[in-house]
Amino acid sequence: MDEITLKQLRYYNSANLDGFCSCYHKDVVVLNSDGAVKVKGMKEFKELYSKLFSEFNDVKAKVTERIVVLPHVAEKEFWSRVKKDSNEELSGEAIVIYTLKEGLIKTVQFFMN
């Protein structure tokens, strides 16, 4: 069941928006580090990542640590991307916690530096 998080990572790293979104529940919720809702529902989710993939090149994330306690998956990730308009390289680390429901990712919370 936690394979869905690995699948979405492959889609994310190839900037495959439709494949990436297919790994998420239609009622997906994205939370920031304070627990506040950043995105709710597939329409907002797809808009957020469509913008990310259109404004940046080489959007990548690499999992450096992973803990699975189903239905939760926590990952420490190194992320990077390049702004299309300026070629500025951005990168950092994040902790991402996924909660799975019905075989898909229902909730995701980001803790970023």
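To keep things clear, this report deals only with the structure shown in the data block. (Residues numbered from 1 in each chain as written. Predicted model: local features only at pLDDT ≥ 70, side-chain atom pairs only at ≥ 80, totals over all residues. Heavy atoms only, no water.)

1. Thoughts on unusual backbone geometry
Part 1: Between Leu 70 and the following residue, Pro 71, the backbone shows a cis peptide bond with an omega angle of 15 degrees.
Part 2: Examined against the element boundaries, Pro 71 turns out to sit in the loop between strand S3 (56-69) and strand S4 (72-83).
Part 3: At Asp 58, a position not held by glycine, the phi torsion is positive, near 50 degrees.
Part 4: Overall, Asp 58 belongs to the exposed group, its relative accessible area being 52%. (Helix = DSSP H or I, 4+ residues; strand = E, 2+ residues; numbered from the N terminus. Buried < 20%, exposed > 50% of the residue type's maximum accessible area, 1.4 Å probe, protein only.)

2. So, the sheet that holds strand S1 (residues 24-31)
Part 1: The 6 strands lie next to each other as S2-S1-S6-S5-S4-S3, forming an open sheet whose pairing is mixed. Strands with a single pairing partner mark the edges of an open sheet, and in this sheet they are strand S2 (37-40) and S3. Adjacent strand axes in the sheet meet at a mean angle of 25 degrees when their direction is disregarded.
Part 2: Of the strand pairs in this sheet, strand S5 (residues 89-101) and strand S6 (residues 104-112) are connected by 8 bridges, and their pairing is antiparallel. (Pairing = 2+ DSSP bridges. Axes fitted to C-alpha atoms, helices over the stretch in contact; angles between N-to-C directions.)

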